[in-house]
Amino acid sequence: MRNDEKSMDEIISFAKRKGFVFPSSEIYGGVAGLYDFGPLGVELLNNIKADWWRKNVHEKENYYGLDSAIFKDPRVWEASGHTKSFSDPMAECKTCNTRIRVDKELEKLGVQADEKMSEAELQELFDTHKAQIKCPKCGGSEFTEVKAFNLLVKSNLGDFSGKEENPSYLPGEACQGIYLNFKNVVDSMHPKIPFGIAQIGKAFRNEISPRNFLFRTREFEQADTQLFIRPGENKDYYDKIKEERWRWYTESLKISEKNLRWKQHDNLVFYAKDAWDIEYDFPSYGFDEIEGIHDRSDYDLTVHSKASGIDLSYNENGEKFIPWIIESSAGLGRIFLAVLSEFYDIDEMDGKKRTVLRLPHKLAPIKVAVFPLLKNKPELVAKAREVFDMLRYEMPASFDDSGNIGKRYRRQDEIGTPYCVTVDFDSLEDNTVTVRSRDDGAQKRVPLSEIFSFVKD
Ligand code: GAP
């Protein structure tokens, strides 16, 4: 099935029904922009992260992993520019108080608002097009003045005054922890430039209008790499990182090239000199960003050197300089949604419609399911449990004896399990089992002594 034949509503309801993604705090009515990953979702998410980590840390000689604290000294966000410049333009509907993101509403009309525009300039642009903009909730057309709304989420960690005078901030972007540990990594690991630091971390943004399921949320995870290079070598490394990141999606995650594309930013955020996004063609939503590659030049290490008073330059054989940075920053929630969208399929098998999640083996939450042919034959159940025990210590496996075999196959197809193993009466005699493959339904008799290597990949 092509993506334009799938619907996002169908994928959202599938994700909930099958235990991949739940609305957060659902028993209290849910909270906009927050989601929880369910039993199968957390496995899929962890598999995506593990693959990213393998490619960006383990398989690279000069990349170092990191896991920095979520909270940081509040001065970090002053120095980085986020307290001042990390904002979206907002206006409020005068009838129902719904907040709209002015730049996104203008974008829908084909009008581009520049990141660097002042509030007054934005107001002018908004006024010009206001007649065509309607409140998404009540349809109203009267709005308040445009205001820059800062996206940082505040907390009172370490502030006992009770007056909320000295807020600390949740990270607006996870990568700041990397810059703060640049010197620690250099001093402890002695890397030769160019080298990278990689981290998966949480980010929080007070998004004005969270939307499109996992696409724009208020809490999300970013998988970031920061490559530290000599000044002026940005052009060479930028293209190399772009190529590597593209290959991760197409070769490692097996996302088809036709559903991906590059988009260069016309409007650069305050820290970037150049920015390209990898976009995915989401069902119902169309192409939108899943990862950004940013040329951050010497911006980050310079601002933190100045604000902290600690010299963050790199010493290469006596020559000292502030390294420049090429960043790749991927949103894991968006990649998760792209993976679900890509591999969700409806086809026909044995004359019947079936839902199948054609995940690559390494991403499948459960790698193998084991069934006794009949539930009411204790000898078959015992043997099937023996096989299940053999497998589950090696890979995520599940045991199922409810309903008929056909139904069990369909349940596993839906959640992307690549193989089903059935124990029957012959198994008791000759220690062989039937292995059935998800994608084409093909069945093969396999000796138990070979089962592990057969279902492993
Ligand atoms: N450190 C650079 C940075 O944060 P960004 O383009 O703002 O750059 C990087 O974010 C990635 O994080 C995006 O490509 C997207 O995948 C993800 N992301 C950003 N805002 C998000 C949101 N509100 N909800 C879910 N993912 C988001």
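Just so we're clear, the structure is a prediction, and the values are computed from it rather than from any experiment.

The rules behind these values
- Residues numbered from 1 in each chain as written.
- Predicted model: local features only at pLDDT ≥ 70, side-chain atom pairs only at ≥ 80, totals over all residues.
- Heavy atoms only, no water.
- Buried < 20%, exposed > 50% of the residue type's maximum accessible area, 1.4 Å probe, protein only.
- Helix = DSSP H or I, 4+ residues; strand = E, 2+ residues; numbered from the N terminus.
- Arc of directions from axis to C-beta.
- Contact = heavy atoms within 4.5 Å.
- Axes fitted to C-alpha atoms, helices over the stretch in contact; angles between N-to-C directions.
- Parallel < 35°, antiparallel > 145°, perpendicular 65-115°, else oblique.
- Left-handed = near helix turned anticlockwise from the far one by under 90°.
- Pairing = 2+ DSSP bridges.
- Near = heavy atom within 4 Å.
- Polar contact = N/O pair within 3.5 Å; in protein donor to acceptor, adjacent residues only side chain to side chain.
- Areas by Shrake-Rupley, 256 points an atom, 1.4 Å probe, with all protein chains shown as cover.
- Nonpolar A, V, L, I, M, F, W, Y, C, P; charged D, E, K, R; others polar.
- 1 Å grid on protein atoms, 1.4 Å probe; cavity = no way out; pocket = protein on both sides within 12 Å on 5 of 7 lines; lining within 4 Å.
- Points joined across faces, edges and corners; volume = space filled by probe spheres on them.

Visitor: Lay out helix α6 (residues 119-129) with the relevant residues and their values.
Guide: Side chains of residues three or four places apart in an α-helix project in the same direction, reflecting 3.6 residues per turn. Turning to α6, its buried residues are L122, Q123, L125, F126 and H129. Taken end-on, α6 shows its buried residues confined to a sector of 165 degrees, consistent with a single buried face. Exposed residues lying more than 90 degrees from the buried face of α6 are A120, E124 and T128. Next to the buried residues of α6 lie β4 (87-92), β5 (99-101) and α5 (102-108).

Visitor: Requested: an account of the packing of helix α2 (residues 39-58) against helix α9 (residues 234-252), with residues and values cited.
Guide: The N-to-C vectors of α2 and α9 enclose an angle of 130 degrees; their axes lie 12 Å apart at closest approach. Classified by the interaxial angle, the pair formed by α2 and α9 is oblique. Regarding α2 and α9, the two cross each other, and that crossing is right-handed. Residues I48, D51, W52, K55 and N56 of α2 touch α9, and the partners they reach there are R245, W248 and S252.

Visitor: Hey, could you go over the environment of A69 for me, with residue numbers and the actual values?
Guide: For A69, the position within the fold is in the loop between β3 (63-66) and α3 (75-79). For A69, a relative accessible area of 53% translates into the label exposed. For A69 and P171, which are 102 residues apart along the polypeptide, the C-alpha to C-alpha distance reads 9.7 Å.

Visitor: Describe the sheet that holds strand β13 (residues 286-297), naming the residues involved and giving the relevant values.
Guide: Pairing is mixed in the open sheet, where seven strands are placed in the order β3-β9-β10-β16-β13-β12-β11. Whereas interior strands pair on both sides, the edge strands pair on one side only; in this sheet they are β3 and β11 (260-264). Across the sheet, the axes of successive neighbouring strands diverge by a mean angle of 25 degrees, strand direction being ignored. Pairing analysis gives ten bridges linking strand β9 (residues 195-204) to strand β10 (residues 219-229), with the strands arranged antiparallel. Paired with A198 across the strands is T225, a residue of β10. Along the sheet, helix α8 (residues 182-189) contacts β3, β9 and β10; its crossing angle with β9, the most-contacted strand, is approximately 145 degrees.

Visitor: Please give an account of the site of the ligand that cites residues and values.
Guide: Taken together, 21 residues lie near the ligand, and E173, E207, T217, E289 and I290 sit nearest. In the environment of the ligand, an oxygen atom lies 3.5 Å from a nitrogen or oxygen atom belonging to the backbone of E291. Protein chains shield 93% of the accessible area of the ligand, which is 560 Å² for the free molecule. Contributions of two or more residues to the shell around the ligand are made by β10, β13 and β16 (324-331). Ranked by the residues each element gives to the shell around the ligand, the list is headed by β13, at six residues. Considering only residue class, the shell around the ligand consists of six nonpolar, six polar and nine charged.

Visitor: Could you give me a rundown of the layout of surface pockets, with the residues and numbers involved?
Guide: Within this model, the second largest pocket holds a volume of roughly 260 Å³. Along the walls of the second largest pocket sit 13 residues, with V76, L180, H304, A307 and S308 positioned nearest its centre. Elements with a minimum of two residues in the lining of the second largest pocket: α3, α7 (176-180), α8 and α10 (299-308). Grouping the constituent residues of the lining of the second largest pocket by class yields seven nonpolar, three polar and three charged.

Visitor: Describe the sheet that holds β4, listing the residues and the values that go with them.
Guide: Strands pair in a sheet through their backbones, by hydrogen bonds, and they do so in one of two ways: parallel or antiparallel. Sheet architecture is open: three strands sit in the order β5-β4-β6, paired in antiparallel fashion. If you trace the sheet from one side to the other, it starts and ends with β5 and β6 (147-150), each paired once. Neighbour-to-neighbour, the strand axes of this sheet turn through a mean angle of 50 degrees, independent of strand direction. Sheet analysis places β4 next to β5, joined by three bridges and oriented antiparallel. Bridge assignment links E92 to a residue of β5, and that residue is R99.

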